[in-house]
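# Structure at a glance
Take a look at the letters that make up each chain.
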Amino acid sequence: MVSDEEFINRFRERGDRAALGELLKRHLPQVRRLVFQITLNDGAADDLAQEVWLRVVRGLAGFDGRSKFSTWLYRIAKNVACTWLERESRRASNATPELLEAVEATATAPDQRLLTLELTTEVEAALAKLAPSLRTALVLTALHGVAPAEVAAIEECTVSTIYWRVHTAREQLRKALQEHLP
Amino acid sequence: MTDLNIKGDGWSSEPPKSEPAESGPLDALLHTWSARREPSAEQLDQLQAAILDRLANEPSMGEAVGKTCVLPNRQQGPAALAHRGLAWLVGCAMLVAVTLILWTPSPVPVSKDTVKVTGNLPADYAWLRDDQLRNKSQLVAEMRSVFGSQLQWFAETNDRIELGLTKSAPNVAANINSETLVVRVIVERRRPGTSEWQVAWAADVVAGDEKTVQLKPVAAGESSPAALPSLSLWAYRLPDGMIFVESQLELAGKDALQSTSSALLGNNVPAEVDLLQTAHGEYRVLQTAALLQPTPS
């Protein structure tokens, strides 16, 4: 399999746009998933994914390969998503209150054993209550399978801090979702 | 340099297995949620097309082209594996350097006589400053992230940190995470014919409420240029906020002494808990106890 670095070299050396397209095809699902999981806003996720790739292209000239491409890409995606969250919180139009209202309205849904639409909303509401740093650490490790050391590099903090964030995030989620956990 | 002593046979080179690589019901729930929120293949195709359209009109598309910097291919080759192997060996060597001492909990001897706490104003260093308390809270959080509920206590002396770990994870409510106290212990000496007190030894002990802390003595030359004392300490916070501290301390070497005390201390109010006269001079033991506030997430 052609490595990410090989695709980048092809693009940088020969302007091979097909190589860039392959890179995009390979990593777009993870990027789209991550920005959604951090922002919890489906409507914004597509625009943010586009923004991430614009930044990638703009930054490729300066990418020196000291970190893995995926680490660099995740860092850009995380920064784009967190910047959007900060902007939204300042505008006081965060989606969280709507989510919570939706949860309250459906809290008495009868069958909680299956992951119904209501439970999906509850999971999202519980995730929305986490601080962005906790949510980011959790989704990167638990849902994207990124190693704690790599998450620490993305977040520019110690590995211990990542362990602590994941631990705290799980504690808070377990508490919020205890009705749905054995 | 700071030595790290790990007490207890629950030591592992890896952090607790449950964090963050857990794969229990919570993670299963998260994975199911993630799968339900996944965009369809058609949506991703449309998004990819939209991105390529935008990139086609992006002026900086040409900026990266023509750069001669060739990136290393990260596919694993023998050299990369050899490098990793070397790093692994270095890591193992560092790990082996960590002192493993079996920790056996035992009750602290209780003094029959409660020592009178004097009202003398102690030196500045006897007080636990706000920044020191915050740092210790942060340290507790960091250690907790690594050792989980196995962490019972830790003690910082002049150049060492010693940890007290249980063999297996205890009840969460009873570990260091429940209510955490910090006790500063200072031994001061005053040589014959002098009036000034000087610090002979000091330690900060951080432990869960009612946890027995036991620092084993270390002879000079083993792993420290100076002999390390034996300290047993037990702290308990009363409902009114006062903190009861029992301790037994034994220093060796030129400041050899034995001190046993039981004292009721105000939150972060230093107090003299023992006063001793030896052939080497006069000694007093100061203690300061405070409740550690958990670090906000």
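Conventions and cut-offs
- Residues numbered from 1 in each chain as written.
- Chains lettered and ligands numbered in written order.
- Predicted model: local features only at pLDDT ≥ 70, side-chain atom pairs only at ≥ 80, totals over all residues.
- Heavy atoms only, no water.
- Helix = DSSP H or I, 4+ residues; strand = E, 2+ residues; numbered from the N terminus.
- Buried < 20%, exposed > 50% of the residue type's maximum accessible area, 1.4 Å probe, protein only.
- Contact = heavy atoms within 4.5 Å.
- Areas by Shrake-Rupley, 256 points an atom, 1.4 Å probe, with all protein chains shown as cover.
- Expected span 1.5 Å × (residues − 1).
- Axes fitted to C-alpha atoms, helices over the stretch in contact; angles between N-to-C directions.
- Left-handed = near helix turned anticlockwise from the far one by under 90°.
- Nonpolar A, V, L, I, M, F, W, Y, C, P; charged D, E, K, R; others polar.
- Polar contact = N/O pair within 3.5 Å; in protein donor to acceptor, adjacent residues only side chain to side chain.
- Core = buried A, V, L, I, M, F, W, Y, C linked by side-chain atoms within 4.5 Å.
- Phe/Tyr/Trp six-rings, centres within 6.5 Å; stacked < 30°, edge-to-face > 60°.
- Salt bridge = Lys/Arg side-chain N within 4 Å of Asp/Glu carboxyl O.
- Pairing = 2+ DSSP bridges.

Counting its secondary structure elements, chain B contains 4 helices and 12 strands. The buried share of chain B, taken over its 297 residues, is 44%. Nonlocal contacts in chain B, meaning residues at least 24 apart in sequence, comprise 59% of its contacts between residues at least 6 apart. Surface accessibility of chain B: about 15500 Å² in total, with carbon and sulfur atoms responsible for 56%.

So, on to helix H4 (residues 130–147) of chain B. The α-helix advances 3.6 residues per turn, and as a result positions three or four apart in sequence lie on the same side. Residue and element names in this part refer to chain B. Taking 1.5 Å of rise per residue, 18 residues should cover 26 Å, and H4 covers 25 Å from first to last C-alpha, within 8% of that figure. Taken together, the buried positions of H4 are occupied by Gln132, Leu133, Lys136, Ser137, Val140, Ala141, Glu142, Met143, Arg144, Ser145 and Phe147. Within two residues after H4, glycine 148 carries a phi angle of roughly 60°, on the positive side.

On to the packing of helix H4 (residues 69–91) of chain A against helix H7 (residues 132–143) of chain A. Angle between the axes and distance between the axes are the two parameters that describe a pair of packed helices. Residue and element names in this part refer to chain A. Running from N to C, H4 and H7 point in directions that differ by 145°, and their axes come no closer than 12 Å. Taken as a pair, H4 and H7 cross one another with a handedness that is right-handed. For the pair H4 and H7, the contacting residues are Tyr74, Lys78, Cys82 and Leu85 in the first and Pro132, Arg135, Thr136 and Leu140 in the second. Classifying every residue of the contact of H4 with H7 by side-chain character gives 5 nonpolar, 1 polar and 2 charged.

This next bit is on the side chain of serine 70 of chain A. With respect to the helices and strands, serine 70 of chain A occurs in helix H4. Among the polar contacts made by the side chain of serine 70 of chain A, one reaches the side chain of glutamate 150 of chain A at a distance of 3.4 Å.

With that out of the way, let us pick up the nonpolar core. Among the nonpolar cores identified, the biggest contains 67 residues, and Val52, Val56, Leu127, Leu138 and Leu173 of chain A are the most heavily contacted of them. In terms of residues, this core owes the most to one element, H4 of chain A, which gives 11 residues. Discounting chain neighbours no more than four positions away, the residues touching leucine 138 of chain A are Leu127, Leu130, Leu143, Val166, Ala169, Arg170 and Leu173 of chain A together with Leu30 of chain B. Core analysis: the next-biggest nonpolar cluster, separate from the first, contains 29 residues, Trp153, Val187, Leu249 and Leu276 of chain B among them.

Here glutamine 37 of chain A lies in helix H2 (residues 17–39). Residue classification places glutamine 37 of chain A among the buried positions, given a relative accessible area of 0%. When neighbours within four sequence positions are excluded, glutamine 37 of chain A is seen to be in contact with Arg135, Val139, Leu143 and His144 of chain A together with Trp33 and Ser34 of chain B.

Right, let's talk about the packing of aromatic side chains for a bit. Residues and elements named next belong to chain A. All chains considered together, the criterion is met by 5 aromatic pairs over all chains. An angle of 35° between the planes, with centres 4.6 Å apart, marks the rings of phenylalanine 63 and tryptophan 72 as tilted. An aromatic cluster of three or more residues is present, and its members are Phe63, Phe69 and Trp72.

For the rest of this paragraph, the subject is the pattern of salt bridges. All names here are of chain A. Summed over the entire model, instances satisfying the criterion amount to 23 salt bridges over all chains. Here arginine 26 and aspartate 4 are joined by a salt bridge, their closest N and O atoms 2.7 Å apart. Highlighted residues: arginine 26 in helix H2 and aspartate 4 in helix H1 (residues 4–14), separated in sequence by 22 residues. What makes arginine 26 partly exposed here is its relative accessible area of 25%.

Another point: the sheet that holds strand E8 (residues 230–237) of chain B. All names here are of chain B. Across the sheet, which stays open at both edges, the 4 strands sit in the order E7-E8-E9-E10 with antiparallel pairing between neighbours. This sheet does not close on itself; its edge strands, each paired only once, are strand E7 (212–215) and strand E10 (257–265). Mean inter-strand twist for the sheet, computed between neighbouring axes without regard to direction, equals 10°. Of the strand pairs in this sheet, strand E9 (residues 243–251) and E10 are connected by 9 bridges, and their pairing is antiparallel. Considered in E10, the bridge of glutamine 248 is made with threonine 260.

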